[in-house]
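As a plain string of letters, each chain reads:
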Amino acid sequence: MKVLVQKNYEELSKKAAEIIKAQLAEKPDSVFGLATGGTPGGTYEEIIRMYKAGEVDFSRATAFNLDEYYPIKKTSDQSYYYFMQKNLFDHVNFAKTFIPNGEAADAATECAAYDEKIAAHGGIDLQILGIGGNGHIGFNEPGDEFIAATHHTPLDESTIKANARFFADVSEVPRHSLTMGIGTIMQAKKIILLASGAGKADIIQKTVRGAITPQVPASVLQLHPNVTIIADTEAGKLV
Ligand code: F6R
């Protein structure tokens, strides 16, 4: 596991965008795994800037998002579908984009189809992750086991509280999600995990140096051959 500590959030975002740009240069038809939440916003802004400046071209690239609330309407301004259109997909030229369908009638069918679609596209070349304060990646919450495949899962109480900042009230935060599984994530050829702020320092330390345990889902990344953690000074201060 490589840890790159950048001096601030802006530098972290630029570094992540540079890695995405390099991935595209190496393989223009790359398959990207993408995250939502607060942390990747700066990276997506930088990618949009690069696209407008003619520095990157996603016309042969595909994106698969990590997760989506369930159930949720695509038109809800809290859906990850809405977030991705607004913050990235409306502004750059991905050939194809996929997000787990929060409107699916049957969650299990949707999840199985999602993994099949990723496999049919040759797997993920570069996966971008954030990390929950509780160590979740995607919405793989702390628990007694790692769940390999994309699945339907309840959100942890701490995640509901953490994500309440995006909603008018905590009662509006959906209680369930569809998320890529740990196996889905671990099959990505390269992974970058972004972490910003002092609130992530403890969990980054546990992820990098702690025991590999489903109680800290991100710790499983220690077993992956090509993971880079990009942290700002605050998030990286205990590593
Ligand atoms: C979002 C996701 C989550 C977030 C994590 C951190 O698609 O999969 O694992 O990456 O909850 O969220 P922020 O960046 O808001 O701290």
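Only a predicted model underlies this, so the values are computations on that prediction, with no experimental measurement involved.

The next thing to look at is the pattern of salt bridges. Inspection of every chain in the model, using the stated rule, returns 8 salt bridges. With its nearest N and O atoms 2.8 Å apart, the salt bridge here joins D125 to K27. With D125 in the loop between helix 4 (107-120) and strand 6 (126-129) and K27 in the loop between helix 1 (9-26) and strand 2 (31-34), this pair connects stretches of sequence that are 98 residues apart. Note on K27: relative accessible area 30%, which makes it partly exposed. E234 is the partner of K237 in a salt bridge, and the nearest nitrogen-oxygen pair spans 4.0 Å. Several salt bridges converge on common partners, so that one network encompasses K21, E46, R49 and E55.

Here we come to the sheet that holds strand 7 (residues 151-154). Taking strand neighbours across the sheet as the criterion, the 3 strands line up as 4-8-7 in an open arrangement whose pairing is antiparallel. The sheet terminates laterally at strand 4 (67-70) and strand 7, the two strands that pair on one side only. The mean angle between the axes of side-by-side strands here comes to 30°, regardless of whether they run parallel or antiparallel. With 4 bridges joining them, strand 7 and strand 8 (residues 176-179) adopt antiparallel strand pairing. In the sheet register, H151 faces strand 8, and the bridge partner there is T179.

Neighbouring the ligand are 14 residues; G38, T39, D67, H136 and K200 lie closest to it. A distance of 2.8 Å separates an oxygen atom of the ligand from a polar backbone atom of G138. In this structure, K200 approaches the ligand through a side-chain N or O atom, which is 2.7 Å from an oxygen atom. For the ligand, whose free accessible area comes to 410 Å², the fraction covered by protein is 94%. Taken together, the residues of the shell around the ligand sort by class into 3 nonpolar, 8 polar and 3 charged.

Here the structure, examined in full by the defined rule, presents 10 aromatic pairs. Each ring, one from F32 and one from F58, has its centre 6.1 Å from the other, and the planes form 65°; the classification is edge-to-face. Of this pair, F32 sits in strand 2 while F58 sits in the loop between helix 2 (41-52) and strand 3 (62-65), and the two are 26 residues apart along the sequence. Classification of F32 by relative accessible area gives buried; the value is 1%. According to the relative accessible area criterion, F58 is buried, its value standing at 2%. With a centroid separation of 5.6 Å and an interplanar angle of 85°, the aromatic rings of F89 and F94 are classed as edge-to-face. Given a relative accessible area of 10%, F89 falls into the buried group. The class for F94 is buried, based on a relative accessible area of 13%. Counting every residue linked through ring pairs, the aromatic cluster contains F32, F58, F89 and F94. The side chain of K74 reaches across the aromatic face of Y81, ending 5.6 Å from its centre.

With that settled, the discussion passes to the side chain of T228. With respect to the helices, strands and loops of the structure, T228 is situated in strand 10 (residues 227-232). Contact partners of T228, with chain neighbours within four places excluded, come to K2, L4, I191, I192 and L193.

Among the residues of helix 3 (residues 80-89), those classed as buried are Y80, M84, Q85, L88 and F89. Viewed end-on, helix 3 has its buried residues packed into an arc of 140°, placing them on one side of the element.

The alternating pattern of strand 4 places D67 and Y69 and E68 and Y70 on opposite faces, both of which are buried. Looking at chain direction, strand 4 and strand 8 are connected through 4 bridges and run antiparallel. The partner of E68 across the bridge, within strand 8, is L178.

The rules behind these values
Residues numbered from 1 in each chain as written. Predicted model: local features only at pLDDT ≥ 70, side-chain atom pairs only at ≥ 80, totals over all residues. Heavy atoms only, no water. Salt bridge = Lys/Arg side-chain N within 4 Å of Asp/Glu carboxyl O. Helix = DSSP H or I, 4+ residues; strand = E, 2+ residues; numbered from the N terminus. Buried < 20%, exposed > 50% of the residue type's maximum accessible area, 1.4 Å probe, protein only. Pairing = 2+ DSSP bridges. Axes fitted to C-alpha atoms, helices over the stretch in contact; angles between N-to-C directions. Near = heavy atom within 4 Å. Polar contact = N/O pair within 3.5 Å; in protein donor to acceptor, adjacent residues only side chain to side chain. Areas by Shrake-Rupley, 256 points an atom, 1.4 Å probe, with all protein chains shown as cover. Nonpolar A, V, L, I, M, F, W, Y, C, P; charged D, E, K, R; others polar. Phe/Tyr/Trp six-rings, centres within 6.5 Å; stacked < 30°, edge-to-face > 60°. Lys NZ or Arg CZ within 6 Å of the ring centre and 35° of its normal. Contact = heavy atoms within 4.5 Å. Arc of directions from axis to C-beta.

From the geometry alone we can't say anything about function, so treat these as descriptive.
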